[in-house]
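Observations on the three-dimensional arrangement
Here are the chains, one letter per residue:
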Amino acid sequence: MPMPKMPAPTDAIADWPGWRLMHAVAARFVDWAAYTEGSSRSSALVRIGLAMLFWSRWAGELLLYRDQSPVGLFLAVNFFVATALLFVGYHSRIAAVWAGLVGLAMYYYFGHQLGREPWTHHHIYLLAVAALLIALTPCGRSYSLDRYLAVMRAGRTGVAPPVERGNLWGLRLIVVQLSVLYFFSAFDKSNYAFLSGARIEQIFLWYYAGSDYPAIPGLAWLATIVSFAVVALEYCLAFGLPFRRTRRYLVVPGLAFHAIIYLTLPVYTFSATMALLYLAYFDADAVDKIIARLQGNGLAGTARGMS
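Because the structure is predicted, anything quoted here is derived from the model rather than measured.

**So, the overall build of the protein chain**
- When you go through the protein chain residue by residue, the secondary structure sums to 14 helices and two strands.
- Counting every position in the protein chain, which comprises 307 residues, the buried fraction comes to 40%.
- Of the contacts made within the protein chain by residues no fewer than 6 positions apart, 72% connect residues no fewer than 24 positions apart.

**Considering the nonpolar core**
- Ranked by size, the top nonpolar core spans 57 residues in total, and within it Trp58, Leu62, Met106, Ile134, Ile174, Tyr182 and Leu241 carry the most contacts.
- Mapped by element, the contributors of at least two residues to this core are helix H3 (41-58), helix H4 (70-88), helix H5 (92-113), helix H6 (122-134), helix H8 (169-189), helix H11 (219-240), helix H12 (244-264) and helix H13 (268-277).
- In this structure, this core is formed jointly by two domains, domain 1 (38-166) and domain 2 (178-283), each of which donates at least three residues.
- The residues touching Trp58, leaving out its near neighbours within four places in the chain, are Phe79, Met106, Trp119, Ile124 and Leu127.

**Notes on the pattern of salt bridges**
- Taken as a whole, this structure holds six salt bridges when the rule is applied.
- In this structure, the salt-bridge partner of Glu164 is Arg147, at a minimum N-O distance of 3.6 Å. Of this pair, Glu164 sits in the loop between helix H7 (145-157) and strand E2 (165-167) while Arg147 sits in helix H7; the two residues are 17 residues apart in sequence, bridging distant segments of the chain. The residues Glu164 and Arg147 share a single accessibility class, namely buried.
- Put simply, Arg165 and Asp285 hold a salt bridge, and the shortest N to O gap is 3.1 Å. Of this pair, Arg165 sits in strand E2 while Asp285 sits in helix H14 (residues 284-294), and the two are 120 residues apart along the sequence.
- Here the salt bridges share partners, and the residues they tie into one network are Arg41, Arg147, Glu164 and Asp288.

**Some words on unusual backbone geometry**
- One non-glycine residue with positive phi stands out, namely His91, at about 50°.
- Even without glycine at this site, Tyr143 takes up a positive phi of about 50°.
- By secondary structure assignment, the location of Tyr143 is in the loop between H6 and H7.

**A closer look at the UniProt feature "transmembrane region" (unreviewed entry) in the protein chain**
- Residues annotated by UniProt as "transmembrane region" (unreviewed entry) correspond here to residues 71-88, 94-111, 123-143, 168-185, 221-243 and 255-281.
- End C-alpha atoms of residues 168-185 are separated by 26 Å, and the span's content is 94% helix alongside 0% strand.
- This span, residues 255-281, is 74% helix and 0% strand, and a straight line between its end C-alpha atoms measures 13 Å.

**Some details on the packing of aromatic side chains**
- All told, the structure shown has 17 aromatic pairs when counted by the stated rule.
- With a centroid separation of 5.5 Å and 50° between ring planes, the pair formed by Tyr107 and Tyr125 is classed as tilted. Taken together, the residues span a long stretch of sequence, with Tyr107 in helix H5 and Tyr125 in helix H6 at a distance of 18 residues.
- An aromatic cluster is built from Phe183, Phe184, Phe187, Tyr235 and Phe239, whose rings are joined through pairwise contacts.
- The aromatic ring of Trp119 is capped on one face by Arg116, whose charged end is 4.3 Å from the ring centroid.

**Overview of the environment of Ser196**
- Along the chain, Ser196 turns up in the loop between helix H9 (192-195) and helix H10 (198-209).
- In this structure the C-alpha to C-alpha distance between Ser196 and Ser227, which are 31 residues apart in sequence, comes to 7.3 Å.
- A distance of 3.4 Å separates a polar side-chain atom of Ser196 from the backbone oxygen of Ala193.

**Regarding H3**
- Taking 1.5 Å as the rise per residue, H3 with 18 residues should run 26 Å; its terminal C-alpha atoms sit 26 Å apart, in good agreement.
- Most of H3 sits out of view: 14 of its 18 residues are buried.

**Describing the side chain of Thr224**
- In this fold, Thr224 is placed in helix H11.
- For Thr224, a relative accessible area of 19% gives the class buried.
- From its side chain, Thr224 meets the backbone oxygen of Ala220 in a polar contact 3.0 Å long.

**Digging into the packing of H5 against H6**
- Relative orientation of the contacting elements H5 and H6 amounts to 160°, with a least axis distance of 7 Å. In terms of orientation, H5 lies roughly antiparallel with respect to H6. By crossing handedness, the relation of H5 to H6 is classed as left-handed. Contacts from Ala96, Val97, Ala99, Gly100, Leu101, Gly103, Leu104, Tyr107 and Tyr108 in H5 reach Ile124, Tyr125, Ala128, Ala131, Leu132 and Ile134 in H6.
- Partitioning the contact of H5 with H6 into residue classes produces 13 nonpolar, two polar and no charged.

Reading the values: rules and limits
Residues numbered from 1 in each chain as written. Predicted model: local features only at pLDDT ≥ 70, side-chain atom pairs only at ≥ 80, totals over all residues. Heavy atoms only, no water. Helix = DSSP H or I, 4+ residues; strand = E, 2+ residues; numbered from the N terminus. Buried < 20%, exposed > 50% of the residue type's maximum accessible area, 1.4 Å probe, protein only. Contact = heavy atoms within 4.5 Å. Core = buried A, V, L, I, M, F, W, Y, C linked by side-chain atoms within 4.5 Å. Domains from an automatic or database assignment. Salt bridge = Lys/Arg side-chain N within 4 Å of Asp/Glu carboxyl O. UniProt positions renumbered as here; feature names shortened; annotations may be inferred. Phe/Tyr/Trp six-rings, centres within 6.5 Å; stacked < 30°, edge-to-face > 60°. Lys NZ or Arg CZ within 6 Å of the ring centre and 35° of its normal. Polar contact = N/O pair within 3.5 Å; in protein donor to acceptor, adjacent residues only side chain to side chain. Expected span 1.5 Å × (residues − 1). Axes fitted to C-alpha atoms, helices over the stretch in contact; angles between N-to-C directions. Parallel < 35°, antiparallel > 145°, perpendicular 65-115°, else oblique. Left-handed = near helix turned anticlockwise from the far one by under 90°. Nonpolar A, V, L, I, M, F, W, Y, C, P; charged D, E, K, R; others polar.

Pasting the structure below:
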């Protein structure tokens with residue numbers, strides 16, 4: 001006697017009440033992550049800012065007279081050429097990949113392999129990865145030599161200049177990177193050593209008070225409160241910044257948090273990089289409208305593709 005046929009698993013899944021909702025959410029996420037197009041101006045601002053951060057962090061250490069060995073000169077030349085092209089926006093995406101690879105070489109090879117300890121820190125990795133991710137955006141279509149040359153070519157041929165728009169999936173990946181960074185930063189602090197305030201007290205003693213414990217009433221309690229506040233804020237930033245409804249309440253606390261650690265601790269490159277990358281959270285067309293308003297234009301014409 002033949003066994004009765006069971007419904008196909010796909011049919012059972014399709015009949016599940018939550019399937020359509022999950023499918024709709026997944027489709028919306030994919031559309032947001034991979035198919036959203038928008039103004040290239042916020043990407044261009046990130047591109048320029050990253051080049052300036054590369055210089056502020058390494059330019060003084062990589063001047064040609066610093067290390068005149070073949071490897072040192074090779075690194076310095078690659079660094080300055082790649083970051084200069086990134087800043088002016090000439091072959092912008094190639095320059096971004098080039099600069100990102102130079103940063104990764106400094107982090108992995110010169111830092112971890114050769115033991116140049118200051119180059120092993122997480123802000124080095126973040127800068128390098130941000131440069132690679134900005135290469136996946138239309139970062140050269142605005143505020144760049146690429147844009148100037150494209151407009152000049154269009155003028156010579158009598159056609160409309162190319163629009164300042166493109167796929168923004170590189171910005172989406174930056175958002176994911178920042179959320180992962182915030183989450184694991186908070187997760188790493190979610191232990192007694194940090195939440196008790198001991199690490200905050202240690203940092204305060206190291207940078208401000210010296211070896212003697214300061215006679216500040218309530219310092220231990222204040223350190224504990226600050227510790228819980230930092231962890232709670234980082235969890236909120238990890239899960240709240242990607243969404244518009246919660247972002248409005250978190251942008252100012254997030255930027256204030258990075259401003260405070262910029263001013264009080266030697267993590268200025270990391271803090272400035274994080275503040276710059278906050279541009280990835282905002283709608284690119286909304287950023288374009290603000291720029292147009294600041295420039296005295298009613299509408300962002302070029303970014304909208306108007307000739």
